[in-house]
Amino acid sequence: MSGNDNITLMGFMGTGKSSTGRCLATALMRKFVDMDALIEQREGCPINRIFRERGEASFRELERGLVAELCARRGLVIAAGGGVALDQDN
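A.B. asks: Summarise the pattern of salt bridges; cite the residues concerned and give the values.
C.D. replies: If you walk through the whole model with that rule in mind, you get 6 salt bridges. Between Glu43 and Arg54 there is a salt bridge; the shortest N-O distance is 2.8 Å. Of this pair, Glu43 sits in helix 2 (residues 35-43) while Arg54 sits in helix 3 (residues 47-54), placing them 11 residues apart in sequence. Take Glu43: its relative accessible area is 29%, and that puts it in the partly exposed class. A salt bridge links Glu53 to Arg49; the shortest N-O distance between them is 3.1 Å. In this pair, Glu53 and Arg49 both sit in helix 3, 4 residues apart, roughly one turn of the helix. Counted as one network, the salt bridges with shared partners bring together Glu56, Arg60 and Glu63.

A.B. asks: Can you break down the packing of helix 3 against helix 4 (residues 56-71) residue by residue, with the values?
C.D. replies: In the contact formed by helix 3 and helix 4, the axes pass within 7 Å of each other and the chain directions differ by 130 degrees. As far as their axial angle goes, helix 4 and helix 3 are oblique. From helix 3, Ile47, Ile50, Phe51 and Arg54 reach across to helix 4, where they touch Glu56, Ser58, Phe59, Arg60 and Leu62. The class makeup of the residues in the contact of helix 3 with helix 4 is 5 nonpolar, 1 polar and 3 charged.

A.B. asks: Account for the nonpolar core, with residues named and values stated.
C.D. replies: Met35, Ile39, Ile50, Leu66 and Leu70 are the most contacted members of the largest nonpolar core, which has 15 residues in total. Of all the secondary-structure elements, those providing two or more residues to this core are helix 2, helix 3, helix 4 and strand 3 (76-81). No other element matches helix 4, which puts 4 residues into this core. Filtering out sequence-adjacent residues up to four positions away, Ile39 remains in contact with Ile47, Ile50, Phe59, Leu62, Glu63 and Leu66. Residues Ile7, Phe32, Val77 and Ala79 belong to the second largest nonpolar core, which totals 5 residues.

Here is what the cut-offs are and how they apply
Residues numbered from 1 in each chain as written. Predicted model: local features only at pLDDT ≥ 70, side-chain atom pairs only at ≥ 80, totals over all residues. Heavy atoms only, no water. Salt bridge = Lys/Arg side-chain N within 4 Å of Asp/Glu carboxyl O. Helix = DSSP H or I, 4+ residues; strand = E, 2+ residues; numbered from the N terminus. Buried < 20%, exposed > 50% of the residue type's maximum accessible area, 1.4 Å probe, protein only. Axes fitted to C-alpha atoms, helices over the stretch in contact; angles between N-to-C directions. Parallel < 35°, antiparallel > 145°, perpendicular 65-115°, else oblique. Contact = heavy atoms within 4.5 Å. Nonpolar A, V, L, I, M, F, W, Y, C, P; charged D, E, K, R; others polar. Core = buried A, V, L, I, M, F, W, Y, C linked by side-chain atoms within 4.5 Å.

Put into structure tokens, the structure is as follows:
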């Protein structure tokens, strides 16, 4: 792995991806990206509201777009929910 490769932490809610990711990013002097937090920021509402009002498919589409965006960048530590791994395009 080179210093330009992204590191992605995946797992269920509450497993420590964000906390661990922040610590890892600091230790490696990299930028940390929490995918769920970024989606919430961009959409102006929490993930559970996106699921409730627009459905899971809509959330997964937002997630897929963000995966593509982040894959084009290098040197990140990324916290991603476990659902990211369910889509083979990701």
